[in-house]
Amino acid sequence: MSDSAGIATLFDSASHEPLTTEPWDEGRATAAIAAIVDDAERAFDAHGLWPIHERDVHGDEGRALSGLYLGAAGVIWALHELGSQRDFAEVADGLDRRFLDEPDFEPEKGEPAPGLWMGRSGILAVAERLSPDPVRRDLLLDVLEQNVGNPTVEVMWGAPGSLLVASEMLDRTGDPRWADLWNRLAEDVWSGFVEDERLGYRIWTQLLYGTVAQYISPAHGFAGNVAALAGRPQMLGAERMAELEREAVRTSTATAVIDGDLANWQPLAGESLDGSPGRVRAIRTQWCHGAPGQVATLAGIAPHDATYTRLLVAGGELTWKAGPLRKGPGLCHGSAGNGLAFLALHRRTGDQLWLDRARRFAMHCIEQVEAGRERYGHGWHSLWTGDPGAALYLRSCIDPEARIGIDLGCW
């Protein structure tokens with residue numbers, strides 16, 4: 001833990017914007033959700049699906065993607081969760097073949113990725129949710145098994161994401177094959193949670209995008225992996241669960257950057273703000289990297305640890321002080337994702353303050369969605385970066401019991 005950082009280094013003020021002054025309005029939030037669903041339904045094209053938004057383009061302008069993160073599977077899942085009456089089951093069923101013909105991202109080793117957000121398992125899981133099929137379930141099982149031993153070891157691509165799908169399928173079907181797969185995946189993930197003698201705490205090491213790294217974040221490393229393992233405490237076992245919570249608190253505490261009653265986290269273990277030790281990069285305050293994601297993902301860990309609660313609250317205070325993100329309303333690196341930290345703290349502490357703050361961010365998200373639609377002439381149709389994810393966040397602000405799977409790294 002570092003407490004030498006000045007507040008100016010705890011977040012990048014240029015990445016944030018002033019919070020709206022609009023008070024919470026449940027009616028407006030409900031109307032905004034309906035407008036997002038309606039806009040996505042009207043924008044759908046059977047061949048083109050939902051083209052990549054201008055703000056998500058990385059050399060793929062106009063191309064429609066299939067997967068959970070930026071593609072059609074994610075939009076379809078969100079619309080289903082939000083109560084859309086349009087039947088997308090047939091479309092969802094065809095996305096796996098479309099992905100095999102044209103993967104969302106360049107496959108490594110010439111093989112399509114099996115991962116949750118970026119690969120086949122997320123696509124197949126969405127299709128299975130809309131229209132259960134035993135043949136597809138067998139295929140999904142085979143695809144998930146491909147992630148046992150994957151050196152990526154994070155939620156987006158690797159075995160931790162497969163843990164989440166296996167857990168969901170076990171709940172839905174009760175089939176013992178999913179329990180067996182969960183156990184094998186969990187053993188694989190657990191084996192990588194080891195002490196780094198240089199750092200002085202336990203951390204996973206990822207081989208990601210050709211680089212060896214130790215990510216702290218929910219999407220790419222430590223926080224997401226902990227949440228995936230903790231999702232099945234009875235299957236993990238009481239002894240391992242206690243060890244997971246103890247070591248997770250130790251690592252989370254050791255990697256926090258503190259200034260008074262504020263806390264943030266760097267993307268990578270061993271990074272510092274003063275240049276030593278480790279590499280240095282701009283600190284972020286997003287769900288994907290930084291305090292919002294750490295708090296949202298780990299708020300269920302060690303719930304009776306008062307010292308850890310204070311650290312998580314410090315992360316929430318930093319998120320509130322930084323304000324909404326200029327990048328937009330989305331979950332991964334937008335204002336809705338930051339607001340998930342407040343919802344998580346409300347659940348952990350019972351303090352109404354955090355729900356009130358979450359709802360203030362919700363009103364800001366509505367304004368960002370509407371401003372984006374006016375600027376570009378269309379909505380932002382992706383689960384993790386655009387309007388559907390923001391709509392899911394709005395729903396949780398209306399009813400805090402209506403959990404977004406994503407708020408704990410789930411899908």
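### Quick word on the pairing of strand 6 (residues 262-265)
Piece 1. Here strand 6 shows a buried face lined by Leu 262 and Asn 264 and a second buried face lined by Ala 263 and Trp 265.
Piece 2. Note: strand 5 (residues 256-259) against strand 6, four bridges, orientation antiparallel. Each residue of the ladder has a partner; that of Ile 258, found in strand 6, is Ala 263.

### A look at the packing of aromatic side chains
Piece 1. Using the criterion set out here, one finds 18 aromatic pairs in the structure.
Piece 2. Where Trp 157 meets Tyr 209, the ring centres are 6.1 Å apart and the plane angle is 85°; that geometry is what we call edge-to-face. In this pair, Trp 157 sits in the loop between helix 6 (134-145) and helix 7 (159-173) while Tyr 209 sits in the loop between strand 3 (206-208) and strand 4 (211-213), placing the two residues 52 residues apart along the sequence.
Piece 3. Considering the side-chain rings of Phe 342 and Trp 354, the 5.9 Å spacing of their centres and the 20° angle between planes classify their relative orientation as stacked. Linking Phe 342 in helix 14 (residues 335-349) with Trp 354 in helix 15 (residues 352-376), this pair joins segments that are 12 residues apart in sequence. The same class applies to Phe 342 and to Trp 354, which are both buried.
Piece 4. Three or more aromatic residues joined by ring pairs make a cluster, and in this case those are Tyr 69, Trp 117, Trp 287 and Trp 384.
Piece 5. Just above the ring of Trp 190 sits the side chain of Arg 202; from NZ or CZ to the centre is 5.5 Å.
Piece 6. Just above the ring of Phe 193 sits the side chain of Arg 202; from NZ or CZ to the centre is 4.7 Å.

### With respect to the side chain of Asp 196
Piece 1. Structurally, the position occupied by Asp 196 is in strand 1 (residues 194-196).
Piece 2. This buried residue, Asp 196, is left without a salt bridge; Arg 198 holds the nearest opposite charge, at 4.2 Å.
Piece 3. At 2.9 Å, the side chain of Asp 196 forms a polar contact with the backbone nitrogen of Arg 198.
Piece 4. A distance of 3.0 Å separates a polar side-chain atom of Asp 196 from the backbone nitrogen of Leu 199.
Piece 5. With sequence-adjacent residues up to four places away left out, Asp 196 is seen in contact with Tyr 201, Ile 203 and Gln 214.

### Side note on the side chain of Gln 214
Piece 1. By the secondary structure assignment, Gln 214 is in the loop between strand 4 and helix 9 (222-230).
Piece 2. In this structure Gln 214 comes out as buried when scored by relative accessible area, which is 13%.
Piece 3. In terms of polar contacts, Gln 214 uses its side chain to reach the side chain of Thr 205, at 3.2 Å.
Piece 4. In contact with Gln 214, not counting residues within four places along its chain, are Asp 196, Arg 198, Leu 199, Ile 203, Trp 204, Thr 205, Gln 206, Pro 267, Leu 268 and Ala 269.

### Describing helix 12 (residues 291-298)
Piece 1. Burial within helix 12 is extensive, with eight of its eight residues counted as buried.
Piece 2. Within helix 12, the full set of buried residues consists of Ala 291, Pro 292, Gly 293, Gln 294, Val 295, Ala 296, Thr 297 and Leu 298.

### Observations regarding the nonpolar core
Piece 1. Counting residues in each nonpolar core, the largest one holds 132 residues, and the members touching the most others are Trp 50, Trp 117, Trp 178, Phe 222, Leu 229, Leu 244 and Tyr 393.
Piece 2. Ranked by residue count, the leading element in this core is helix 15, at nine residues.
Piece 3. Among residues more than four places away in sequence, those in contact with Trp 178 are Arg 137, Leu 140, Leu 141, Leu 144, Ala 166, Met 169, Leu 170 and Thr 173.

### A look at the pattern of salt bridges
Piece 1. Evaluated as defined, the whole model comprises 25 salt bridges.
Piece 2. When the shortest N-O distance is used, the salt bridge between Arg 326 and Glu 17 registers 3.9 Å. With Arg 326 in the loop between helix 13 (306-322) and helix 14 and Glu 17 in the loop between helix 1 (7-10) and helix 2 (26-43), the pair connects residues that are 309 residues apart, well separated along the chain.
Piece 3. Here Arg 137 ties to Glu 128 by a salt bridge, and the two come within 2.8 Å at their closest N and O atoms.
Piece 4. Overlapping salt bridges bring together Glu 81, Arg 129, Glu 168, Arg 172 and Arg 395 as one network.

### What to know about the environment of Asp 351
Piece 1. Mapped onto the secondary structure, Asp 351 falls in the loop between helix 14 and helix 15.
Piece 2. Each C-alpha atom, one on Asp 351 and one on Ala 127, is 38 Å from the other, the two residues being 224 residues apart in sequence.
Piece 3. Polar contacts involving the side chain of Asp 351 include one to the main-chain amide nitrogen of Leu 353, which spans 2.9 Å.

So, how was this worked out
- Along each chain, the written sequence defines residue order, and numbers are assigned to residues from 1.
- Side-chain atom pairs in this predicted model are given and counted only at pLDDT of 80 or more, local residue features only at pLDDT of at least 70, and totals for whole chains, interfaces and linings cover all residues.
- Note: side-chain values were computed over all heavy atoms of the structure, leaving out hydrogens and water.
- Exposure classes here rest on a 1.4 Å probe applied to the protein chains alone. A residue is buried below 20% of its type maximum, exposed above 50%, and partly exposed in between.
- Starting at the N terminus, helices and strands are each numbered in turn, a helix being any DSSP run of H or I of at least four residues and a strand any DSSP run of E of at least two.
- Strands pair, by our definition, only if DSSP identifies at least two bridges between them.
- Here the aromatic set is Phe, Tyr and Trp, taking the six-membered ring for Trp, and pairing holds for ring centres within 6.5 Å; pairs whose planes are under 30 degrees apart are stacked, those over 60 apart are edge-to-face, and all others are tilted.
- The rule for a charge over a ring is simple: NZ of Lys or CZ of Arg within 6 Å of the ring centre, and within 35 degrees of the ring normal.
- We count Lys and Arg on the positive side and Asp and Glu on the negative side, and we leave His and both chain ends out.
- Each reported salt bridge corresponds to a side-chain nitrogen of Lys or Arg within 4 Å of a carboxyl oxygen of Asp or Glu.
- As used in this structure description, the phrase polar contact means that two N or O atoms lie within 3.5 Å; if the pair is within protein, one of them must be able to donate a hydrogen and the other to accept it, and residues adjacent in sequence are counted only when both atoms belong to side chains.
- The contact criterion used throughout is that any non-hydrogen atoms of two residues lie within 4.5 Å.
- The nonpolar core is taken to be a set of buried Ala, Val, Leu, Ile, Met, Phe, Trp, Tyr and Cys residues, with the residues joined through side-chain atoms within 4.5 Å.

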